[in-house]
Amino acid sequence: MQIIDGKSLSKKVQLSVKAEVEKLKREKNIVPGLAVIIVGNDPASHAYVSMKEKACKAVGFYSIAHKMPESITEDEIVQIITMMNNNPHIHGILVQLPLPKHIDTTKILEVIDPKKDVDGFHAYNVGRMVTNLDSFVACTPLGVMKMFDEYNIELEGKDVVVVGASNIVGKPMASLLLNRNATVTITHIYTKDLASHTKKADIIIVGVGVVNLIKEDMVKDGAVVIDIGINRLEDGSLVGDVDFKRVAPKCSYITPVPGGVGPMTIAMLLSNTLKATKEFGENL
Ligand code: NAD
């Protein structure tokens, strides 16, 4: 069994982004700029945003966070995004999800200029990703793909079960795998017998938010298990969706939580923002 070390892979990605940022500054006098919009006081969302700001600083990006009160209207968020769309120093825009209930998330995401949509949530980018065209791809599934490539894990012809079918995790994950010729099954809360699917899988990717959802008897010997889930236990510790201790010995590869997919998500945000900046630079 080999642990897929997301922490060190993310550091490797960050170093290569940093080198490219220095080159962009030197050769084109461009500094990548990321704007983050966060609404409300959810502590987890604020923690993610400060991690993102810290990562931006470490690679030499310019970043600004628009911290908005829960009471903000849809129109006010649209105004901020429009301002960022028109700001030439901002190459990437990210709206931290979830938004409060009174805000229409889809409407907000669609206001972002697709060329600055570094989270890859705009329908334009989603459509291009599904049709296997160049696009911005959601950071978490993109980070998982990066892990497969780094560890030379073959995808073509493999039976892959994706557990969880959200727009930001499961669905883009399944599309990327299909683009690489895997045989993909997507499962979710309404799936009748989850274990009957996972037991047959060469690769299981789970992003649900349920502690110990994937147990030892649901995984075949030699499977690759990728745990996207993040759950905070009462003692404050973080765990994923996989019963790691019991499942790991059966696997050929497995990701830990923390230190697996989480750091890759931030690394891919940096990489997407760099991509947006380079494309902006090409059009100058
Ligand atoms: P979501 O609530 O939008 O979607 C959850 C999905 O899981 C849904 O498709 C639902 O049908 C399915 N589901 C729920 N209970 C299930 C069950 N018992 N069996 C099978 N499927 C079930 O959540 P999300 O935003 O996609 O996030 C999912 C998890 O991934 C959360 O734990 C979140 O914290 C984590 N996450 C991690 C990262 C990262 O960087 N590692 C990024 C995004 C989300």
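Conventions we followed
Residues numbered from 1 in each chain as written. Predicted model: local features only at pLDDT ≥ 70, side-chain atom pairs only at ≥ 80, totals over all residues. Heavy atoms only, no water. Helix = DSSP H or I, 4+ residues; strand = E, 2+ residues; numbered from the N terminus. Rg over C-alpha atoms; globule rule 2.2 N^0.38 Å. Buried < 20%, exposed > 50% of the residue type's maximum accessible area, 1.4 Å probe, protein only. Contact = heavy atoms within 4.5 Å. Areas by Shrake-Rupley, 256 points an atom, 1.4 Å probe, with all protein chains shown as cover. Core = buried A, V, L, I, M, F, W, Y, C linked by side-chain atoms within 4.5 Å. Near = heavy atom within 4 Å. Polar contact = N/O pair within 3.5 Å; in protein donor to acceptor, adjacent residues only side chain to side chain. Phe/Tyr/Trp six-rings, centres within 6.5 Å; stacked < 30°, edge-to-face > 60°. Lys NZ or Arg CZ within 6 Å of the ring centre and 35° of its normal. Axes fitted to C-alpha atoms, helices over the stretch in contact; angles between N-to-C directions. Parallel < 35°, antiparallel > 145°, perpendicular 65-115°, else oblique. Nonpolar A, V, L, I, M, F, W, Y, C, P; charged D, E, K, R; others polar. Left-handed = near helix turned anticlockwise from the far one by under 90°.

A. Up close: the overall build of the protein. Per the secondary structure count, the protein includes ten helices and eleven strands. Here the C-alpha radius of gyration of the protein, 19 Å, is about what a compact globule of 284 residues would show, namely 19 Å. Based on the C-alpha atoms only, the size of the protein along its principal axes is roughly 50 × 45 × 40 Å. Of all 284 residues assigned to the protein, the portion counted as buried reaches 48%. Contacts in the protein between residues at least 24 apart in sequence constitute 70% of all its contacts with a sequence separation of at least 6. As displayed, the protein offers around 13,900 Å² of accessible surface, 54% of which is attributable to carbon and sulfur atoms.

B. Representation of the nonpolar core in the model. If you look at the biggest cluster of nonpolar residues, it comprises 50 residues, and the most contacted ones within it are Phe148, Leu177, Ile205 and Ile226. Core analysis: the second largest hydrophobic core is formed by 19 residues, Ala35, Val39, Ile81 and Ile103 among them.

C. Inspection of the site of the ligand at higher detail. Among the 19 residues in the neighbourhood of the ligand, the closest are listed as Ala165, Ser166, Ile189, Ile230 and Thr265. Here an oxygen atom of the ligand and a backbone polar atom of Ala165 are 2.7 Å apart. A distance of 2.7 Å separates an oxygen atom of the ligand from a polar atom in the side chain of Thr265. Residue contributions to the shell around the ligand peak at three residues, all from helix 10 (residues 261–282).

D. Region of the structure containing the packing of aromatic side chains. Considering all chains together, one arrives at one aromatic pair under this definition. Seen from their ring centres, Tyr151 and Tyr253 are 6.1 Å apart, and the 75° between their planes marks the pair as edge-to-face. Remark: Tyr253 occurs in strand 11 (residues 253–254) and Tyr151 occurs in the loop between helix 6 (139–150) and strand 5 (159–163); sequence separation between them is 102 residues. Lys275 extends its terminal NZ or CZ atom over the ring of Phe136, reaching a point 5.3 Å from the ring centre.

E. Looking closely at the packing of helix 1 (residues 6–28) against helix 6. Here helix 1 crosses helix 6 at 95°, and the two axes come no closer than 11 Å. One finds that helix 1 runs roughly perpendicular with respect to helix 6. When helix 1 is examined against helix 6, the residues Gly6, Leu9, Lys12 and Val13 are found in contact with a partner set consisting of Lys146, Met147 and Glu150. Looking at the contact of helix 1 with helix 6 residue by residue, the class counts come to three nonpolar, one polar and three charged.

F. Broad picture of the environment of Phe61. Note that Phe61 resides in the loop between helix 2 (43–59) and strand 3 (62–68). The exposure class assigned to Phe61 is buried, which follows from its relative accessible area of 8%. The spatial distance from the C-alpha of Phe61 to the C-alpha of Val17 is 9.8 Å, given a sequence separation of 44 residues. When sequence neighbours within four positions are dropped, the list of residues in contact with Phe61 reads Val17, Val21, Val31, Pro32, Cys56, Leu270, Thr273 and Leu274.

G. Local environment of the packing of helix 2 against helix 10. Two elements in contact, helix 2 and helix 10, have axes whose closest approach is 10 Å; the angle formed by their N-to-C orientations is 50°. Looking at the two axes, helix 2 sits oblique to helix 10. Considering how the two elements wind past one another, helix 2 and helix 10 form a crossing that is right-handed. Here Met51, Lys52, Ala55, Cys56 and Val59 of helix 2 lie close against helix 10, whose contacting residues are Ile266, Leu269 and Leu270. In terms of residue class, the contact of helix 2 with helix 10 is built from seven nonpolar, no polar and one charged.

H. Structural view of unusual backbone geometry. Residue Leu97 is joined to Pro98 through a cis peptide bond whose omega torsion reads 0°. Tracing the sequence through the fold places Pro98 in the loop between strand 4 (92–95) and helix 4 (105–111). The omega torsion across Val257 and Pro258 is 0°, close enough to zero to call that bond cis. As for its position among the elements, Pro258 is in the loop between strand 11 and helix 10.

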